[in-house]
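Observations on the model geometry
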Amino acid sequence: MRQALIEAVKAIAIADGNFETAIPELLVFRRSEVSLPMACVYELGLGISLQGAKRVVLGEHSYDYTDGQSLVTSVDVPVASQITRASKEQPFYGIYLRLDAHEISHIVAEMDFAGQDRFPKHQAMSVVDTDNGLLDALLRLIQLDKEPQLKANLAPLIKKEIILRLLNSPHSPYLRQIVMSGSAHQKIAKILCWLKENYTSQFSIDDLARDAHMSPSTFRLHFRDVVKMSPLQYVKTYGCRRQGN
């Protein structure tokens with residue numbers, strides 16, 4: 001299944017670069033050489049390394065993923081990203097699907113997670129091996145460009161299937177924490193959504209803590225648990241990445 005998906009990506013990514021697909025939320029990538037770390041912002045989404053390897057550094061934590069492995073980012077975070085294995089003979093091929101928190105919330109509400117209430121430590125990223133069911137759904141999503149008359153009706157169904165499969169995978173706890181009402185991860189995720197739109201505004205950490213219904217010390221602790229950096233570091237780093245500095 002992975003090879004079929006690689007062939008579908010090859011048909012779109014005919015040279016090195018980032019390429020849009022018929023689905024606005026879905027991008028594909030090709031790189032023919034390793035790269036230096038590049039500063040950027042990762043949003044809520046699913047990334048898969050189909051061929052080659054990639055490293056993402058968040059704060060002091062590194063996440064490596066290679067052939068067939070997937071990385072899910074549960075909140076917007078400033079990172080350093082680099083291709084660690086690629087060549088002209090064996091280029092890096094990857095895909096990225098932007099996810100929607102509201103859609104995840106609706107699907108979580110429809111599912112039964114009885115006996116799965118224990119969560120790992122908060123973290124913004126997780127890497128796992130990708131199963132053929134998820135790869136097949138992504139292949140069908142990419143191939144909708146061949147059936148434009150069906151795209152509007154089928155794309156939402158396939159994207160829902162992808163979220164269902166992620167929620168039935170080891171990524172599930174990290175995704176569910178961002179939509180669990182009252183959880184620390186969900187409160188931090190809401191603050192990060194606000195910062196995404198207002199990072200140039202004037203505010204204090206106490207203001208953010210109050211909006212999260214936490215004490216300043218508790219807010220700082222949970223913020224660092226999720227984002228792997230302090231609130232001030234996040235605002236400074238995120239602002240620089242967004243402005244291209």
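Here goes a summary of the coordinates provided.

Analysis parameters
Residues numbered from 1 in each chain as written. Predicted model: local features only at pLDDT ≥ 70, side-chain atom pairs only at ≥ 80, totals over all residues. Heavy atoms only, no water. Helix = DSSP H or I, 4+ residues; strand = E, 2+ residues; numbered from the N terminus. Contact = heavy atoms within 4.5 Å. Polar contact = N/O pair within 3.5 Å; in protein donor to acceptor, adjacent residues only side chain to side chain. Patch = residues over 30% accessible without salt bridge, like charges linked within 9 Å, V, L, I, M, F, W, Y side chains within 5 Å. Areas by Shrake-Rupley, 256 points an atom, 1.4 Å probe, with all protein chains shown as cover. Salt bridge = Lys/Arg side-chain N within 4 Å of Asp/Glu carboxyl O. Buried < 20%, exposed > 50% of the residue type's maximum accessible area, 1.4 Å probe, protein only. Pairing = 2+ DSSP bridges. Axes fitted to C-alpha atoms, helices over the stretch in contact; angles between N-to-C directions. Parallel < 35°, antiparallel > 145°, perpendicular 65-115°, else oblique. Left-handed = near helix turned anticlockwise from the far one by under 90°. Nonpolar A, V, L, I, M, F, W, Y, C, P; charged D, E, K, R; others polar.

You can see Arg140 is positioned in helix H3 (residues 132–142). For the pair Arg140 and His61, spaced 79 residues apart in sequence, the C-alpha separation works out to 33 Å. The residues touching Arg140, leaving out its near neighbours within four places in the chain, are Ile158 and Glu161. Within the local environment of Arg140, its side chain forms a polar contact with the side chain of Glu161, the two groups lying 2.8 Å apart.

Where nonpolar side chains cluster on the molecular surface, the patch consists of Leu150, Leu154 and Leu157 and spans about 240 Å² of accessible area. Among the secondary structure elements, Leu150 is positioned in helix H4 (residues 148–167). Owing to a relative accessible area of 32%, Leu150 belongs among the partly exposed residues under this scheme.

A few words now on the sheet that holds strand S10 (residues 125–129). Strands sit in the order S1-S2-S9-S4-S7-S10 across an open sheet of 6 strands; the sheet is antiparallel. Lying at the two open borders of the sheet, with one neighbouring strand each, are strand S1 (17–20) and S10. Neighbour to neighbour, the strand axes of the sheet diverge by 20 degrees on average, direction disregarded. When S1 meets strand S2 (residues 26–31), the two strands line up antiparallel, connected through 4 bridges. Considered in S2, the bridge of Asn18 is made with Phe29. Sitting on the sheet, H3 touches S2, strand S4 (45–51) and strand S9 (92–98), and the angle it makes with S4 is about 95 degrees.

So, about the pairing of strand S6 (residues 61–65). Within a regular strand, the side chains alternate between the two sheet faces. Here strand S5 (residues 53–58) pairs with S6 via 5 bridges, running antiparallel. Note on S6: the bridge partner recorded for Val56 is Tyr63.

Our focus in this paragraph is the packing of H3 against H4. Orientation of H3 relative to H4, taken along the N-to-C sense of each, is 160 degrees, at an axis distance of 10 Å. When the interaxial angle is binned, H3 and H4 end up roughly antiparallel. Regarding H3 and H4, the two cross each other, and that crossing is left-handed. Taken together, the residues of H4 that come into contact with H3 (itself represented by Gly133, Leu134, Ala137, Leu138, Arg140 and Leu141) are Ala155, Ile158, Lys159, Glu161, Ile162, Arg165 and Leu166. Tallied by class, residues from the contact of H3 with H4 come to 8 nonpolar, 1 polar and 4 charged.

The next subject is the side chain of Ser81. With respect to the secondary-structure elements, Ser81 resides in strand S8 (residues 77–85). A polar atom in the side chain of Ser81 sits 3.1 Å from the side chain of Tyr42. Ser81 has contacts with Leu36, Pro37, Met38, Cys40, Tyr42, Lys54, Arg55 and Val56, leaving out every residue within four places of it along the chain.

For Ser172, the position within the fold is in helix H5 (residues 172–177). Residue classification places Ser172 among the buried residues on the basis of a relative accessible area of 3%. As for Ser172 and Val108, which are separated by 64 residues in sequence, their C-alpha atoms are 9.7 Å apart. In terms of polar contacts, Ser172 uses its side chain to reach the backbone carbonyl oxygen of Leu167, at 2.9 Å.

Geometry only, nothing functional implied.
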